[in-house]
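Structural overview for review
These are the residues of each chain, in order.
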Amino acid sequence: MANPRALNGALSRALAGTLDWMVAPAFGAPGFAARAQSWSEDGGMASLTGRRIVVTGANAGLGRAIAEALAQRGARVDLVCRNPARGERAERELAQDHPAAELALHRCDLGDLEAVRELAAALLADPAPIDAVVHNAGALLAERQLTREGLETTFAVHVAGPFLLTALVRERLVRDAPSRVVWVTSGGMYTQRLRTNELRQGAETFDGVVAYAQCKRAQVELMQRMHTRLGPRGVQVSAMHPGWADTGGVREALPGFHRVTRSFLRNAAQGADTAVWLAASTEAAAAGGLLFLDRLPRRTHLPLARTHTPAAEVDALWALCERVTGERWPT
Ligand SMILES: NC(=O)c1ccc[n+]([C@@H]2O[C@H](COP(=O)([O-])OP(=O)(O)OC[C@H]3O[C@@H](n4cnc5c(N)ncnc54)[C@H](OP(=O)(O)O)[C@@H]3O)[C@@H](O)[C@H]2O)c1
């Protein structure tokens, strides 16, 4: 007789496979629920005591859920927050809910490269090994805004800031290997072919949704390129997209989308789950260079989408990141 657990796993995988072709349920709560059926009980992260994980954008939405999931399993979490009051509140609430949690709060606007340098210095000044960095902070902007360094803000926050932070802590991650870097990207990147020349200052006719999706595509390209450099040195670099989760970011940036989809959106913990798993699970030890949704590797381009990035375009993206951050990261 067939093993009921194996049968259940096979059925849920088949269901999840079917859902993958139906974007709305796959990205929403039904896709999460279907795939979660086949996961192991502790997800390979029963205890994270002794681990130190840095999470950006940790005071709200997915970042807060990532921080909470890590803290409740015993990890020390470095909460990187842009707004001091919101950061302190998140730290206080997490400490109340998880009295044993070890938390460290850092203030940083990821779009401000000087602030990113200060953040990296503060992280490195603490001798505790760094096990993982989760690049989660992000926002979809309605209008084109330039940072004080003259960069389009979406690009600065999602691409230049995380590139610089990774570059500045990479030797520590190598020292502390095995270690991990996780990028929280978006399924929106499937709609875009990378146009590096539009990133630095934004396209002439600015569209916040396109700028956001371009930067999310750039994150996936950087992730793969970083993994080729860091993977052989023991630092695994991967990416995930959370599907569609009900967070303040979605409610504020996309109110119409939220109204239509809210009945089947995931909650923040479900959206955060794969980032937690990639950052901490023993099951995710071979995730380097790959994009995940719901703990499964995914294609980075849709079939027939004509979004593939030529190597020369990735070279240009890398060179742009080096130029705007002033941080050389040679091959
Ligand atoms: N929710 C979804 O369905 C979904 C789907 C695809 C991808 N994502 C990605 O998931 C990540 C988290 O999104 P979310 O839905 O959780 O959004 P959210 O609820 O708006 O939370 C975003 C977090 O990022 C922080 N942040 C924004 N800009 C920052 C900056 N310049 N410097 C430092 N921190 C900054 C925010 O801080 P403040 O409180 O100061 O604003 C907040 O803590 C983003 O990268 C987003 O693109 C989300």
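Residues numbered from 1 in each chain as written. Predicted model: local features only at pLDDT ≥ 70, side-chain atom pairs only at ≥ 80, totals over all residues. Heavy atoms only, no water.

**A word on the overall build of the protein**
On a plain count of helices and strands, the protein comes out with twelve helices and eight strands. By the compact-globule yardstick of 20 Å for 331 residues, the protein fits well, its C-alpha radius of gyration being 19 Å. Along the longest, intermediate and shortest principal axes, the C-alpha atoms of the protein span 65 × 45 × 40 Å. Scored against the burial criterion, the 331 residues of the protein give a buried share of 54%. Surface accessibility of the protein: about 14,700 Å² in total, with carbon and sulfur atoms responsible for 53%. Looking at charge distribution, the protein has the averaged site of its 38 positive side-chain charges lying 4 Å from that of its 34 negative ones. (Helix = DSSP H or I, 4+ residues; strand = E, 2+ residues; numbered from the N terminus. Rg over C-alpha atoms; globule rule 2.2 N^0.38 Å. Buried < 20%, exposed > 50% of the residue type's maximum accessible area, 1.4 Å probe, protein only. Areas by Shrake-Rupley, 256 points an atom, 1.4 Å probe, with all protein chains shown as cover. Lys, Arg positive; Asp, Glu negative; His and termini not counted. Charge placed at Lys NZ, Arg CZ, Asp CG, Glu CD.)

**What about the confidence of the model for the protein?**
The predicted model of the protein has a mean per-residue pLDDT of 93, with 93% of residues at 70 or higher. Note that residues 1–7 has pLDDT below 50 and, in this model, one contact with residues that lie over four places away or in other chains. (pLDDT = per-residue confidence, 0-100. Contact = heavy atoms within 4.5 Å.)

**Let's talk about the site of the ligand**
Taken together, the neighbourhood of the ligand is formed by 28 residues, with Leu-62, Asn-136, Tyr-212, Ala-245 and Thr-247 sitting nearest. Arg-82 is positioned such that a nitrogen or oxygen atom in its side chain is 2.8 Å from an oxygen atom of the ligand. Coverage of the ligand by the protein chains reaches 91% of its 880 Å² of free accessible surface. Taken together, the elements giving at least two residues each to the shell around the ligand come down to α4 (61–72), α8 (208–230) and α9 (248–253). With three residues, α9 is the single largest residue contributor to the shell around the ligand. (Near = heavy atom within 4 Å. Polar contact = N/O pair within 3.5 Å; in protein donor to acceptor, adjacent residues only side chain to side chain.)

**Some thoughts on unusual backbone geometry**
Following Ala-177, the chain continues into Pro-178 via a peptide bond in cis, with omega recorded as 5°. The residue Pro-178 is located in the loop between α7 (153–175) and β5 (179–184) in this model. One non-glycine residue, Leu-304, adopts positive backbone phi at about 65°. With respect to the helices and strands, the residue Leu-304 is situated in the loop between β8 (296–298) and α12 (311–325). Residue classification places Leu-304 among the exposed positions, given a relative accessible area of 85%.

**A word on α4**
A rise of 1.5 Å per residue sets the reference length of α4, with its twelve residues, at 16 Å; its end C-alpha atoms lie 17 Å apart and thus fit the reference within 8%. Of all twelve residues in α4, nine are buried; the element is thus mostly enclosed. All of the buried residues in α4 are Leu-62, Gly-63, Arg-64, Ala-65, Ile-66, Ala-67, Ala-69, Leu-70 and Ala-71. Looking one or two residues past α4, Gly-74 carries a phi angle of roughly 105°, positive in sign. (Expected span 1.5 Å × (residues − 1).)

**Some words on the pairing of strand β3 (residues 102–107)**
Side chains on a regular strand alternate between the two faces of the sheet. Pairing of strand β2 (residues 76–81) with β3, which is carried by six bridges, proceeds in the parallel orientation. Bridge assignment links Asp-78 to a residue of β3, and that residue is Ala-104. Following the chain from β2 across helix α5 (residues 84–97) to the adjacent parallel β3, one finds a crossover that is right-handed. (Pairing = 2+ DSSP bridges. Right-handed = clockwise from strand over helix to strand, strands pointing away.)

**Some points on the nonpolar core**
In this structure, Phe-155, Val-159, Leu-165, Trp-183, Leu-199, Leu-222 and Leu-317 are the most contacted members of the largest nonpolar core, which totals 49 residues. For this core, the element with the most residues is α7, which contributes twelve residues. Discounting residues that sit within four places of it in the chain, Phe-155 has contacts with Ala-160, Leu-199, Arg-200, Cys-215, Leu-320 and Val-324. Counting 36 residues, the second-largest nonpolar core is a separate cluster that includes Ala-58, Ala-65, Ala-101 and Phe-292. (Core = buried A, V, L, I, M, F, W, Y, C linked by side-chain atoms within 4.5 Å.)

**Things to note about the packing of aromatic side chains**
Applying the stated criterion to the full structure yields seven aromatic pairs. Ring centres 5.4 Å apart and planes at 75° place the aromatic pair Phe-27 and Trp-244 in the edge-to-face group. Taken together, the positions of Phe-27 in helix α2 (residues 23–27) and Trp-244 in the loop between β6 (235–240) and α9 put the pair 217 residues apart, joining distant regions of the chain. For Phe-27, a relative accessible area of 10% gives the class buried. For Trp-244, a relative accessible area of 23% corresponds to the partly exposed category. Between Arg-229 and the ring centre of Trp-318, over which it is positioned, the NZ or CZ distance is 4.3 Å. (Phe/Tyr/Trp six-rings, centres within 6.5 Å; stacked < 30°, edge-to-face > 60°. Lys NZ or Arg CZ within 6 Å of the ring centre and 35° of its normal.)

**What about the pattern of salt bridges?**
Counting across every chain of the model gives 17 salt bridges. Close ionic contact of Arg-52 with Asp-78 constitutes a salt bridge, the shortest N to O distance being 3.2 Å. One end of the pair, Arg-52, is in strand β1 (residues 52–56); the other, Asp-78, is in strand β2, and 26 residues separate them in sequence. Arg-52 sits in the buried class, given a relative accessible area of 2%. Here the salt bridges share partners, and the residues they tie into one network are Arg-52, Arg-76, Asp-78 and Asp-126. (Salt bridge = Lys/Arg side-chain N within 4 Å of Asp/Glu carboxyl O.)

**Quick look at the environment of Arg-175**
Tracing the sequence through the fold places Arg-175 in helix α7. Its relative accessible area of 52% is what places Arg-175 among the exposed residues. With 60 residues separating them in the primary sequence, Arg-175 and Val-235 have C-alpha atoms 9.4 Å apart. Non-local contacts of Arg-175, meaning those with residues more than four positions away in its chain, are made with Pro-127 and Pro-129.

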